[in-house]
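# Coordinate analysis (summary)
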Amino acid sequence: MMRWHKWAALAVGLQMMVWIGTGLYFNLVDHQRIGGHQYHQQAAEPTWSLTQLVDPTPLLEQYAPVIRLTLVDRAGHPYYQLEHQRQLYRRQAQTLTLVDAIRGDAVTVDRAMASAVARASYRGPGAVSEITALPPHSAELPKEENPAWRVAFADDLATVVFVEARSGRLIGHQNRHSREAALMLKLHFMDYANTGGFNHPLMWTFALFSLALSLSGLTLLIRRLGSNLSHWRARRVTLHTPAGAQKLRLAPRQSVLEGMQREGLAVRSECGGGGSCGRCRIRLEPGSPISAAEQRFLSQRHLEQGWRLACQQYGD
Ligand code: FES
């Protein structure tokens, strides 16, 4: 168990270092800088008026079923957004129809429209350098369930603007600072599979792994405490030798003979501790217990003086 515990502690310890390092990063970093909004601007006030819009009532029947109709502005142009299915949150996969609110015809969010939406939200010095279509759950937008357009700008921060490809909604801006923060967040959440969050199977496994590590550590601690307790409770005897009194600590079930041999103390023995040769005579405190072998080999006077057989005296 000790071997397993050490390797598990190494794995958990490494991830702990990653948590601490990335946690420190988020405590110390400038949050304005990592937001990715350096070149983001709010949408301009609409220049169109309601009198320009077609009556939306026929659209409800034409594109039925419609559970919600919303008038939205995309890059300064009005659109009716007809939702056919209820959404719990904006990144959830949706079925909708986008209708030009001035002309009255359905439109799709193509490259040109995505570029216009991105440019309307951008106030940096760069021009659009590349427009790429992204599938749902792409590496850059793992939680986005709808396809999106990726509009890159040639500026000093390598800004990228994401536009949702069904509704034309602006998803957000990213740049090299926000990508750096995203990487740190990924490490902090152990999101190595790029799920976009921290509630994923690897995290569950790691949590169980950490729990097993804690339990094995607790088990080892209890064992170690038990061992230390036995050590603390070990019997101590005092050997009286011609050179003076000498303390000897004995582990449970260990004989004085074994204790002396362990400490390198000279003691005679011909029977190997079997209690049959009577050679391992030592002198202890007079009150020490007396075995049958000691009564056989030692006189009453010697017993009263504390003489015993080293192989017959035990630690408990
Ligand atoms: S070693 Fe033989 S009696 Fe103790």
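In the annotation of an unreviewed UniProt entry, the chain is listed under the name Ferredoxin and assigned to Ferrimonas balearica.

### Details of the UniProt feature "transmembrane region" (unreviewed entry) in the chain
Residues annotated in UniProt with the feature "transmembrane region" (unreviewed entry) correspond here to residues 7-28 and 202-222. Strand forms 0% of residues 7-28 and helix 100%; the C-alpha atoms that close the span are 32 Å apart.

### Looking at unusual backbone geometry
Alanine 64 connects to proline 65 through a cis peptide bond whose omega is 0°. Here proline 65 is to be found in the loop between helix H3 (57-62) and strand E1 (68-74). With phi around 55°, alanine 75 is a residue other than glycine that occupies positive phi space. Among the residues examined, alanine 75 registers 20 C-beta atoms within 10 Å and is labelled buried.

### Description of the sheet that holds strand E7 (residues 160-164)
Reading across from one edge, E5-E6-E7-E8 is the order of the four strands in this open sheet, with antiparallel pairing throughout. Lying at the two open borders of the sheet, with one neighbouring strand each, are strand E5 (128-134) and strand E8 (170-174). The average undirected angle you get between the axes of adjacent strands in this sheet is 20°. Along the sheet face, helix H4 (residues 111-120) touches E5, strand E6 (148-153), E7 and E8 and points at about 120° away from the line of E5.

### With respect to the domain arrangement of the chain
When the parts come together, some accessible area is lost, and that loss is often what is quoted as the size of the interface. Assigned domains within the chain: domain 1 (35-198) and domain 2 (234-312). On a C-alpha basis, the centroid separation for the pair domain 1 and domain 2 is 90 Å.

### With respect to the environment of serine 291
Structurally, the position occupied by serine 291 is in the loop between strand E11 (281-283) and helix H8 (292-297). On a C-alpha basis, the gap between serine 291 and leucine 239 in space is 18 Å, while along the polypeptide they are 52 residues apart.

### Description of the nonpolar core
If you look at the biggest cluster of nonpolar residues, it comprises 20 residues, and the most contacted ones within it are Ala114, Ala148 and Val163. Those elements that provide at least two residues to this core are H4, E6 and E7. Take this core: its biggest share by element is five residues, from H4. Core analysis: the next-biggest nonpolar cluster, separate from the first, contains 14 residues, Val237, Val256, Leu298 and Cys311 among them.

### Here's the deal with H4
Of all the positions in H4, only Met113, Ala114, Ala116, Val117 and Ala118 are classed as buried. Tucked into the core, H4 has its buried residues touching E1, E5, E6, E7 and E8.

### Some words on the sheet that holds strand E4 (residues 106-107)
Spatial strand order, E1-E2-E3-E4: four strands in an open sheet with antiparallel pairing. Two strands close off the open sheet at either side, each with one partner strand: E1 and E4. Note: strand E2 (residues 77-83) against strand E3 (residues 96-100), five bridges, orientation antiparallel. When the sheet's bridge partners are listed, tyrosine 79 is paired in E3 with aspartate 100.

Here is what the cut-offs are and how they apply
Residues numbered from 1 in each chain as written. Predicted model: local features only at pLDDT ≥ 70, side-chain atom pairs only at ≥ 80, totals over all residues. UniProt positions renumbered as here; feature names shortened; annotations may be inferred. Helix = DSSP H or I, 4+ residues; strand = E, 2+ residues; numbered from the N terminus. Buried ≥ 20, exposed ≤ 12 C-beta atoms within 10 Å, placed from the backbone. Pairing = 2+ DSSP bridges. Axes fitted to C-alpha atoms, helices over the stretch in contact; angles between N-to-C directions. Contact = placed C-beta atoms within 7 Å. Domains from an automatic or database assignment. Core = buried A, V, L, I, M, F, W, Y, C linked by C-beta atoms within 7 Å.

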